[in-house]
Amino acid sequence: MTRTEPAPAATGAPRNPIDRFFSITQRGSTPSREIRGGLVTFVTMVYIVVLNPIIIGTAKDANGNFLGAGSQAPDLAAVAAVTALVAAFFTILMGVVGRYPFALATGLGLNAFVAFQVASKMSWPEAMGMVVIEGLVITVLVLTGFRTAVFVAIPRELKSAIAVGIGLFIALIGFVDAGFVRPGAGTPVQLGATGNLRGWPTLVFVLGVLLIAVLMVRKVKGAILIGIAACTVLAMIIEAIADLGPQVVNGKLVHPSAWALNVPSFDGKEFGWPDLHLVGNFSLGGGFDAVGVISGIVIIFSLVLSDFFDVMGTTIGLASEAGALDKDGNLPNIGPVLFVDGLAAVGGGAASASSATTYVESASGIGDGARTGLASITTGALFVLTIFLSPIAQIVPSEAAAPALVVVGVLLMGQIRYIDFGDLTIAVPAFLTMVLMPFTYSITNGVGAGFISYAVLKAATGKARQVHVLMWIVAVVFAVYFAIEPLKTLFGVD
């Protein structure tokens, strides 16, 4: 039995108020399983506290200034602090309000867009103001019921395809984060840094995948957490003996066979009081003054569409993995989940951490048994500690955490059995949805291609009435989204 099947319903009445509030027993879980799952999710996504500062903290705005700093040197510590703060607050809020095991943090892809395409045209406070506006638009769409209605309008088989695509996507993230798959010389990707496998970190990753798989096959409770912990200990021993250090030094790839992100050692990691001066450092309307109304609207449209469907795809994938979808493929009580996610986009911009969103890495905790919001509260509480104890979070190397993503990708692939590949009006959209997520490194691109092709093929076979009106609307919006650059050129928009 795979984890994509609903957890067996537990018998007996809820044992205490916490059990009743989170429906722990009702969803076939236990408090210990939820806490363990929350810990697994934290370990697999805490890399964002290190990675987000590298992306948005080292990029200069239109005035030549770093985020929260001047033009001379970036303030990575301040960016890391607000990144952890936003993840902590909104993940706990998701646990309390949404009551599902979904964790939130700064969205990758969105933060790169903000850093290199938005801040390059305006100041950092103005760029973060655009993110706040994007979050407000998303929140309004939730409150009006539009976002939920679109979720319900998606055909069941496309929802399965989205879940499978998420599985492929997070597996690719795992392979890339571990350095197992890298940009090739003459090919888009290749095996390792030189077309073959080498280095102790790669060995840690391979052993991690095998260990977690063996433990899960043997039905060992906490298999994913045990695997991550064991690989982290192994990595620390290897680092203590071999002194590999990081791959990248001063922004340059120096040691391809060393650790990709975190070095599993206490050396050079200092504790201190967090610097939160970036909170509230945004300009709500300044971006329009900097680039003009039309260009400002285009920026917000791009942010909204990416955030809107990234979250929708992620939510479908996570809910499928948790066995939380009903017979029609819908998530009960999805409104509060989407509402918290919208607020997270607002909060991410207001704290200068970039737009926060539901994290696909939550699937690792779900794969380890998490089913309720108690897991999210656990993850959020650990992010609270990270604000003050970030050096501890920087001990787990990506090579030790990435195996969890690969194994969870296997579990999500089980949803492919619900797709009828004998019907090309379903098979083609499902295929495009699944493959374009990993191939373009974007959930939004996969969802968009699937929606457009589904509407076109149904219309071409005389079955246009089978397509929900909202699917038609969204398909048109996606067509505009994919054609945004030619349209900007056509209308003379920078």
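First, a word on scope: everything that follows refers to the structure included in this document. These numbers come from a predicted model, not from an experiment.

It is worth spelling out the overall build of the protein chain at this point. Per the secondary structure count, the protein chain includes 20 helices and six strands. Computed over C-alpha atoms, the radius of gyration of the protein chain comes to 22 Å, within 12% of the 23 Å expected from 2.2 N^0.38 for 494 residues, which places it in the range of a compact globule. Based on the C-alpha atoms only, the size of the protein chain along its principal axes is roughly 65 × 60 × 55 Å. A buried classification covers 55% of the 494 residues belonging to the protein chain.

This part is about helix α7 (residues 146-153). Every buried residue belonging to α7 is among Arg147, Val150, Phe151 and Ala153, and all of these are buried. For α7, the arc enclosing every buried residue in end-on projection is 165°, short of the 170-degree limit, so these residues lie on one face. Taken together, the buried residues of α7 touch α6 (124-143), α8 (156-177), α12 (293-321), α13 (334-350) and α19 (469-482).

A word on a nonpolar patch on the surface. A contiguous nonpolar patch, built from Trp273, Val384, Leu385, Phe388 and Leu389 and spanning about 510 Å² of accessible area, is present on the exposed surface. One can find Val384 in helix α15 (residues 373-393). Of the residues examined, Val384 reaches a relative accessible area of 32% and is grouped as partly exposed.

Quick look at the side chain of Thr83 now. Looking at where Thr83 falls in the secondary structure, it is placed in helix α4 (residues 76-98). Setting aside its immediate chain neighbours within four residues, Thr83 contacts Ile48, Val49, Asn52, Pro53, Thr106 and Ala353.

Let us look at unusual backbone geometry. At Ser354, a residue that is not glycine, the phi angle is positive and equals roughly 80°. With respect to the helices and strands, Ser354 occurs in the loop between α13 and β6 (356-358).

To continue, consider the pattern of salt bridges. By the definition in use, this model includes two salt bridges. Across the salt bridge formed by Arg36 and Asp368, the nearest N and O atoms sit 3.0 Å from each other. Of this pair, Arg36 sits in helix α2 (residues 31-45) while Asp368 sits in the loop between α14 (362-367) and α15, placing them 332 residues apart in sequence. Look at Asp368 and you get buried, because its relative accessible area is 2%.

Quick look at the packing of α6 against α13 now. At their nearest, the axes of α6 and α13 sit 7 Å apart, and the two run at 165° to each other. Overall, the two elements α6 and α13 adopt an arrangement that is roughly antiparallel. Read as a crossing pair, α6 and α13 show a hand that is left-handed. Side by side, α6 and α13 meet where Met128, Val131, Val132, Glu134, Gly135, Leu136, Ile138, Thr139, Val142 and Leu143 of the first sit next to Gly335, Leu338, Phe339, Gly342, Leu343, Ala345, Val346, Gly349 and Ala350 of the second. Along the lines of polarity and charge, the residues of the contact of α6 with α13 split into 13 nonpolar, five polar and one charged.

Further remarks concern empty space enclosed by the protein. Using a probe with the size of a water molecule, rolled over the atoms, empty space left in the structure can be pinpointed. Evaluation of the coordinates by the stated rule reveals three cavities of 30 Å³ or more. Lining the largest cavity are 13 residues, and of these Val43, Thr44, Tyr47, Ser398 and Ala401 lie nearest its centre. Elements supplying a minimum of two residues to the lining of the largest cavity: α2 and α16 (398-412). It is α16 that provides the largest number of residues to the lining of the largest cavity, a total of four residues. A per-class count over the lining of the largest cavity returns nine nonpolar, three polar and one charged. Put simply, the second largest cavity is a space of about 40 Å³. Taken together, Arg182, Gly192, Ala193, Asn196, Arg198, Thr202, Pro256 and Ser257 make up the full set of residues lining the second largest cavity. Of the residues contributing to the lining of the second largest cavity, the split by class is two nonpolar, four polar and two charged.

Before going further, it helps to examine the side chain of Ser265. Here Ser265 lies in the loop between β5 (252-253) and α11 (286-291). For Ser265, a relative accessible area of 14% gives the class buried. Those residues in contact with Ser265 that lie beyond four places of it in its chain are Glu239 and Ile395.

We now examine the nonpolar core. Ranked by size, the top nonpolar core spans 125 residues in total, and within it Trp124, Phe309, Leu331, Phe383 and Phe451 carry the most contacts. Excluding anything up to four places from it in sequence, Leu331 contacts Tyr100, Phe102, Phe151, Thr315, Ala319, Ala324 and Leu325. In terms of nonpolar packing, the next biggest core, distinct from the first, is built from seven residues, Ala178, Phe180, Val181 and Val209 among them.

Looking now at helix α3 (residues 48-56). Counted residue by residue, α3 has seven buried out of nine residues, so it is predominantly covered. Within α3, the full set of buried residues consists of Ile48, Val49, Val50, Asn52, Pro53, Ile55 and Ile56.

Looking now at the packing of aromatic side chains. Taken as a whole, this structure holds 17 aromatic pairs when the rule is applied. Their ring planes at 80° and their centres at 5.3 Å tell us that Phe169 and Tyr441 sit as a pair that is edge-to-face. Here Phe169, found in helix α8, pairs with Tyr441, found in the loop between α17 (424-440) and α18 (443-460); they are 272 residues apart in sequence, far enough to count as distant. Taken together, a centroid distance of 4.5 Å and an interplanar angle of 45° make the contact between Phe309 and Phe478 tilted.

Glancing now at the packing of α4 against α13. The N-to-C vectors of α4 and α13 enclose an angle of 165°; their axes lie 9 Å apart at closest approach. When the axis of α4 is compared with that of α13, the two are roughly antiparallel. Every pair of crossing elements has a handedness; the one defined by α4 and α13 is right-handed. Taking contact as the criterion, the partners of Val86, Phe90, Leu93, Met94, Val97 and Gly98 in α4 are, on α13, Pro336, Val337, Val340, Asp341, Leu343, Ala344, Gly347 and Gly348. Here the residues of the contact of α4 with α13 sort into ten nonpolar, three polar and one charged.

Quick look at the environment of Leu203 now. Position of Leu203 among the secondary structure elements: in helix α9 (residues 200-217). The sequence separation of Leu203 and Glu321 amounts to 118 residues, and the corresponding C-alpha distance is 28 Å.

Procedures and definitions
- Residue numbers here run from 1 along each chain, matching the order of that chain's written sequence.
- The predicted origin of the model limits local features to residues at a pLDDT of at least 70 and limits the giving and counting of side-chain atom pairs to 80 or more, whereas totals for whole chains, interfaces and linings rest on all residues.
- To obtain the side-chain values, all non-hydrogen atoms of the structure were used and water was disregarded.
- Helix and strand definitions follow DSSP, with helices as H or I runs of at least four residues and strands as E runs of at least two, each counted in order from the N terminus.
- Just to be clear, the radius of gyration here is over C-alpha atoms, and the globule rule we use is 2.2 Å times residues to the power 0.38.
- Under the scheme applied here, a residue whose accessible area is under 20% of the maximum for its type counts as buried, over 50% as exposed, and between as partly exposed, the area being computed with a 1.4 Å probe on protein chains only.
- To obtain the arc, one takes the directions from the helix axis to the C-beta atoms.
- Should any heavy atoms of two residues lie within 4.5 Å, those residues are counted as being in contact.
- Within this analysis, patches are made of residues with over 30% relative accessible area and no salt bridge. Like charges are joined at 9 Å or less; nonpolar side chains (Val, Leu, Ile, Met, Phe, Trp, Tyr) at 5 Å or less.
- Accessible surface is estimated by sampling points in the Shrake-Rupley manner with a 1.4 Å probe; for residues, cover comes only from the protein chains shown.
- Within this document, salt bridges are pairs made up of a side-chain nitrogen of Lys or Arg and a carboxyl oxygen of Asp or Glu, the two lying within 4 Å of each other.
- Only the stretch in contact is used when a helix axis is fitted, and all axes are lines through C-alpha atoms; the angle between N-to-C directions ranges over 0 to 180 degrees.
- For this classification, under 35 degrees means roughly parallel, over 145 means roughly antiparallel, 65 to 115 means roughly perpendicular, and everything else is oblique.
- Handedness of each helix crossing follows the sense of rotation of the near helix against the far helix: counterclockwise by less than a right angle gives left-handed, clockwise gives right-handed.
- Residues are grouped as follows: Ala, Val, Leu, Ile, Met, Phe, Trp, Tyr, Cys and Pro are nonpolar; Asp, Glu, Lys and Arg are charged; all remaining types, including Gly, are polar.
- In the cavity and pocket records, a cavity denotes points on a 1 Å grid over the protein atoms alone where a 1.4 Å probe fits but cannot get out, a pocket denotes an open set with protein on both sides within 12 Å along at least 5 of 7 lines, and lining residues are residues with an atom within 4 Å of a point.
- Grid points are joined across faces, edges and corners, and a volume is the space filled by probe spheres set on the points.
- Definition used in this section: a nonpolar core is a set of buried Ala, Val, Leu, Ile, Met, Phe, Trp, Tyr and Cys residues joined via side-chain atoms within 4.5 Å.
- Here a pair means two rings of Phe, Tyr or Trp (six-membered ring of Trp) with centres within 6.5 Å. Their orientation is stacked below 30 degrees between planes, edge-to-face above 60, and tilted elsewhere.

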